[in-house]
Amino acid sequence: MAIPIEMPKLSDTMEEGVLSAWLVDEGEEVSAGDVLAQVETDKATMDLEAFDEGVLLKQVIGAGDAVPIGELIAVIGEAGEDISDLVGEGSGDGAAAAEPEPDAEAGAEDAAAGSPPDPEPAPEPSGDGQLAERTPEPVPAETDAEGRRIKASPLARRIAQESDVELAQVDGSGPKGRIVRRDVEAHLEKETPAPEPTPAPEPETAPEPAPQPEPSVPEAPSYAMPGEEAAYASEDITQMRKTIARRLAESKYSAPHYYLTVDVDVEAAIEVRKDLNELAEEQDRAKISFNDFITKACALSLHDHPYVNAAYRPDEGEIHKHNRVHIGIAVAIDEGLITPVIRDADRKGLSELARETRALAERARDRDLDPEEFEGATFTTSNLGMFGIEEFTAIINPPNSAILAIGEIRDTPVVEDGEVVPGTRMKVTLSCDHRVVDGAKGARFLDTVKSYLEEPMNLLL
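Definitions and limits used
Residues numbered from 1 in each chain as written. Predicted model: local features only at pLDDT ≥ 70, side-chain atom pairs only at ≥ 80, totals over all residues. Heavy atoms only, no water. Helix = DSSP H or I, 4+ residues; strand = E, 2+ residues; numbered from the N terminus. Expected span 1.5 Å × (residues − 1). Contact = heavy atoms within 4.5 Å. Buried < 20%, exposed > 50% of the residue type's maximum accessible area, 1.4 Å probe, protein only. Pairing = 2+ DSSP bridges. pLDDT = per-residue confidence, 0-100. Axes fitted to C-alpha atoms, helices over the stretch in contact; angles between N-to-C directions. Polar contact = N/O pair within 3.5 Å; in protein donor to acceptor, adjacent residues only side chain to side chain. Salt bridge = Lys/Arg side-chain N within 4 Å of Asp/Glu carboxyl O. Core = buried A, V, L, I, M, F, W, Y, C linked by side-chain atoms within 4.5 Å.

J.: Please provide a residue-by-residue account of helix α6 (residues 239-254), values included.
T.: Taking 1.5 Å of rise per residue, the 16 residues of α6 would be expected to cover 22 Å, and the 22 Å separating its terminal C-alpha atoms lies within 8% of that figure. Against β2 (16-22), β4 (35-40), β9 (257-265), β13 (331-333) and β14 (336-338) lie the buried residues of α6.

J.: Account for the pairing of strand β5 (residues 45-49), with residues named and values stated.
T.: With four of five residues buried, β5 lies mostly within the body of the structure. The pairing of β4 with β5 spans five bridges and is classified as antiparallel. Note that in β5 the partner of Q38 across the bridge is D47.

J.: Outline the confidence of the model for the protein, supporting the account with residue identities and numerical values.
T.: Averaged over every residue, the pLDDT of the protein is 80; residues scoring 70 or more account for 78%. Low confidence marks residues 89-139, where pLDDT is under 50. Its contacts with residues over four positions away, or in another chain, come to 39 contacts.

J.: Account for the sheet that holds strand β16 (residues 379-383), with residues named and values stated.
T.: One key point about sheets: their strands pair by backbone hydrogen bonds, in either a parallel or an antiparallel sense. Pairing is mixed in the open sheet, where six strands are placed in the order β9-β18-β17-β16-β12-β15. On the outer flanks of this sheet lie β9 and β15 (341-343), each paired with one strand and no other. Here the average twist between neighbouring strands, direction ignored, is 30 degrees. In this sheet, strand β17 (residues 402-416) lies alongside β16 in parallel orientation, the contact comprising four bridges. Of the residues in β17, the one forming a bridge with S382 is A405. Across the sheet, helix α8 (residues 290-304) lies against β12 (326-329), β16, β17 and β18 (419-433), angled at about 145 degrees from β12, the strand it touches most.

J.: So what about the side chain of T357? Which residues, and what values?
T.: Among the secondary structure elements, T357 is positioned in helix α9 (residues 350-365). Only 2.7 Å separates the side chain of T357 from the backbone oxygen of L353, close enough to count as a polar contact. Aside from chain neighbours lying at most four places away, what touches T357 is D292 and I342.

J.: Explain unusual backbone geometry residue by residue, including any values.
T.: With an omega of 10 degrees, the peptide bond between P398 and P399 qualifies as cis. Locating P399 in the fold gives a position in the loop between β16 and β17.

J.: Quick one: what's the story with α9, residue by residue and with numbers?
T.: Three- or four-residue spacings in an α-helix give side chains the same orientation, since the helix completes a turn every 3.6 residues. Helix length check: α9, at 16 residues, gives a terminal C-alpha distance of 22 Å against a target of 22 Å (1.5 Å per residue), a fit within 8%. Tucked into the core, α9 has its buried residues touching α7 (267-282), α8, β13, β14 and β15. Remark: R367 follows α9 within two positions and exhibits a positive phi of approximately 55 degrees.

J.: Before we move on, can you summarise the environment of R347 with the specific residues and values?
T.: Positionally, R347 belongs in the loop between β15 and α9. For the pair R347 and A299, spaced 48 residues apart in sequence, the C-alpha separation works out to 8.6 Å.

J.: Residue-level account of the pattern of salt bridges, with values.
T.: Opposite charge on two side chains lets them pair, provided their charged atoms get close. Throughout the structure, instances matching the rule amount to 16 salt bridges. One salt bridge in this structure joins E281 and K287, with 3.9 Å as the shortest N-O distance. What makes E281 exposed here is its relative accessible area of 56%. The salt bridge partner of E356 is K348, with a shortest N-O separation of 2.7 Å. On the accessibility criterion, K348 (13% relative accessible area) is buried. Overlapping salt bridges, with partners in common, bring together D263, E390, E391, R410 and K427 in one network.

J.: Run through the environment of G385, naming residues and quoting values.
T.: As for its placement among the helices and strands, G385 is situated in the loop between β16 and β17. For the pair formed by G385 and I406, sequence separation is 21 residues and the distance between their alpha carbons is 6.3 Å. If we ignore the near neighbours within four places in the chain, the residues touching G385 are I406, G407 and E408.

J.: Got a sec to walk through the nonpolar core? Specific residues and values, please.
T.: Formed by 51 residues in total, the largest nonpolar core has its most connected members in F293, F379 and L404. The element contributing the most residues to this core is α8, with eight residues. Counting residues in each nonpolar core, the second largest holds 21 residues, with M7, W22, M46 and V67 among its members.

J.: Residues and numbers for the side chain of S301, please.
T.: If you trace the backbone, S301 turns up in helix α8. S301 gets classed as buried once you look at its relative accessible area, which sits at 0%. Within polar-contact distance, the side chain of S301 engages the backbone nitrogen of V449 at 3.5 Å. Ignoring any residue separated from it by four or fewer positions in sequence, one finds S301 in contact with F445, T448, V449 and Y452.

Here is the structure:
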């Protein structure tokens with residue numbers, strides 16, 4: 001019996017998916033666990049696996065097509081099986097001939113009456129002529145010498161194909177030896193020979209200047225006069241960007257935001273971090289960043305302030321106060337923003353937080369995260385301090401009730417005991433959903449975070 005393959009829900013915020021590339025052709029046999037295609041979601045490009053064995057009878061949609069969740073994308077069954085009830089009449093897969101359309105009948109009557117039928121309309125143009133650029137060719141799945149499929153992220157496969165690199169020659173550094181983008185890039189750097197220096201010839205006489213070619217003017221679009229520079233360059237909106245736009249707009253205009261800012265004295269935390277990293281270097285452990293201090297301080301503070309670790313559920317008429325602390329760390333990637341989740345962050349030491357955060361951030365930039373690694377955050381942090389941003393406000397990541405925006409660590413004059421002395425400070429701003437977190441609740445939470453950062457030894461207890 002034919003088995004329909006539908007667009008799966010691969011993330012909690014996914015509404016539609018783009019089939020990036022087919023990895024199995026029509027008529028090929030597949031087994032359970034084989035990767036049929038690559039699907040671009042709002043968070044990552046992921047493998048679509050088969051759960052049954054059979055023959056891929058029909059690719060219902062093409063590479064580059066976007067369809068909503070639950071839409072039919074392929075059919076698996078036995079060779080020659082009739083699948084007309086799944087994909088419609090006239091599909092060519094054993095289906096009966098379709099009834100002639102009215103236009104065809106009219107043409108036949110015109111021919112019988114001696115008058116030629118109306119000419120068929122010319123095919124409509126494809127649009128802006130860039131469909132070939134937006135529709136990637138399928139990336140074939142490679143196998144090793146023993147015939148086993150090589151584990152690699154979709155992005156790594158794409159880069160390898162474009163660079164004519166065999167994945168069998170690349171060492172994988174991802175989970176269970178999975179090949180990710182950085183592995184292919186490292187392989188390319190290793191294989192690319194350094195250019196040999198070419199000695200400059202010694203001319204007997206001064207060479208004549210080479211004629212300079214006339215600068216070419218790109219063909220202007222219809223809205224620009226010939227020879228004028230185009231007013232803008234356009235690019236397609238990715239699934240990730242669509243979701244970011246939709247979810248943050250919903251958050252900003254449905255959740256009543258308010259903002260609380262404190263200036264934190266981080267001199268003691270800097271000294272403790274320095275000592276811990278010296279010890280980490282001796283023991284060959286991951287170095288601790290200041291962001292790890294903040295993650296730990298927020299995780300411990302959320303225990304004492306459950307409404308900040310909560311979600312507003314109007315459809316259910318409830319506020320969900322979470323019993324566990326899962327902190328999302330905002331990571332910027334080329335396509336937008338993604339928030340890998342540190343689960344049970346309150347139960348992990350600084351060294352473990354440092355190691356896990358770096359691993360997740362690297363896989364996020366490679367778009368190689370599994371859904372459970374970027375879903376389920378109960379609180380979120382966003383750090384722009386490394387870009388020299390002193391202070392900013394962040395939009396709450398739904399369904400969280402708060403997000404902490406972290407500014408840069410700066411040297412500044414401060415007043416202590418009536419005297420101006422040098423100090424080291426950092427501003428953090430808490431965005432709160434007023435439906436869940438009242439002003440006093442938000443202020444008390446932020447004060448607890450500040451106390452942990454100003455007395456950092458409490459983070460180690």
